[in-house]
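Here is what each chain is made of, one letter per residue.
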Amino acid sequence: MASALVILHESSGERRRLVGGRLVIGRALGCDWVLSEPGTPSLSRRHCLLEAEGGRFLLRDLGSTNGTRRNGEPVPPETAVALADGDLLELGRHRLRVTLEEEVAPRSAPAAAAGASLDAILAGLAGGPAASGPEFELAAVEPRPPGPIDPGAGLARDPLGGFVEELQARPARPLAPREEGPSRGDHGQPQHESFALARPEPRAAPAPEADAAVARSANTFAP
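Cut-offs and rules
- Residues numbered from 1 in each chain as written.
- Predicted model: local features only at pLDDT ≥ 70, side-chain atom pairs only at ≥ 80, totals over all residues.
- Heavy atoms only, no water.
- Helix = DSSP H or I, 4+ residues; strand = E, 2+ residues; numbered from the N terminus.
- Buried < 20%, exposed > 50% of the residue type's maximum accessible area, 1.4 Å probe, protein only.
- Core = buried A, V, L, I, M, F, W, Y, C linked by side-chain atoms within 4.5 Å.
- Contact = heavy atoms within 4.5 Å.
- Disulfide = S-S within 2.5 Å.
- Pairing = 2+ DSSP bridges.

Draft legend 1. Quick peek at unusual backbone geometry. Phi at N71 is positive, roughly 55°, even though this residue is not glycine. Inspection of the secondary structure assignment puts N71 in the loop between β7 (68-70) and β8 (73-74). By relative accessible area, which is 42% here, N71 ends up partly exposed. Positive phi outside glycine occurs at E78, with the angle close to 55°.

Quick look at the structure:
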């Protein structure tokens, strides 16, 4: 079913689009589409009528002087004629090409299916019951077998071709020999003068006079 009628004036490039109602064409100022022409007019004041009716677009000549032609065939006055896509209308010296625009189907169903698919994916990830919509199955992740990790396994698929082979073919660098001996500090000499703790002076021996006095005291109290 056509949803719109597009009328193109082949000489001037003017265009009209009829969705519903009617469109009166002529040279009078009261017409819906006024077509002017120099010299002797070939178009009547109210020449023809285009209208939408029952899902179709009709052409009706309004009793014009020079008549209306559809694809070279004259249209009887005051008689409705159904238009088809690509018809050529001749109104005096004017040529009009009509195009029917087909109705576009609504796109609500794909949108609803996309929403249902999203709900189903979210429900599947959460572990709950899947919503209505296209069925799907989440792929299980295979566990990696235990074993030593190959450091070059991740680089094997590196887009830099030849890098892994060059890295594996390069000989290992020998380690420097370890130095034996006392450990050395990493810091340099401190920026201050060295110092040493003062040694205590030796205590002097008792004088001989004190020993003699002690001896005399002992002799005095002897029995």
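From this point, things continue past the structure.
Draft legend 2. Representation of the nonpolar core. Core analysis: the largest hydrophobic core is formed by 21 residues, its most contacted members being L5, I7, I25, L50 and L89. When residues of this core are traced back to their parent elements, those giving at least two are β1 (2-9), β3 (22-26), β5 (48-53), β6 (56-61), β10 (88-91) and β11 (94-102). Setting aside residues no more than four positions away along its own chain, L5 makes contact with R16, R17, L18, L50, F57, L83, V98, T99 and L100.

Draft legend 3. How the structure looks around the state of the cysteines. According to the stated counting rule, one finds zero disulfides in the structure shown. Looking at C31, it has no disulfide partner, and the nearest cysteine sulfur is the one in C48, 9.1 Å off. C31 sits in the buried class, given a relative accessible area of 8%. The exposure class of C48 is buried, given its relative accessible area of 1%.

Draft legend 4. The arrangement of the pairing of β5 in detail. Bridge count between β3 and β5: four bridges; the pairing is antiparallel. Across the sheet, the residue bridging to R22 is E51, located in β5. Hairpin connection, β5 to β6: the antiparallel pair is bridged by two residues, and G54 has positive phi, about 60°.

Draft legend 5. How the structure looks around the sheet that holds strand β2 (residues 15-18). Ordered in space as β2-β1-β11-β10-β7-β8, the six strands form an open sheet in which the pairing is antiparallel. The open sheet has two edge strands with one neighbour each: β2 and β8. Both β7 and β8 contribute to a ladder of two bridges, which runs antiparallel. Directly across from R70, in β8, lies its bridge partner E73.

Draft legend 6. Spotlight on the sheet that holds strand β9 (residues 80-82). Strand order in the open sheet formed by five strands is β4-β3-β5-β6-β9, and the pairing between neighbours is mixed. Each end of this open sheet is capped by a strand with a single partner; those strands are β4 (33-34) and β9.

Draft legend 7. Summary view of the pairing of β10. Relative to β10, β7 runs antiparallel, the two being bridged by three bridges. The residue of β10 that forms the bridge with T68 is L91. Here four bridges tie β10 to β11, and the two strands are oriented antiparallel to one another. Counted as the bridge partner of L88 is R97 from β11. Connecting β10 to the next strand, β11, in antiparallel fashion are two residues, including G92 with a positive phi near 65°.

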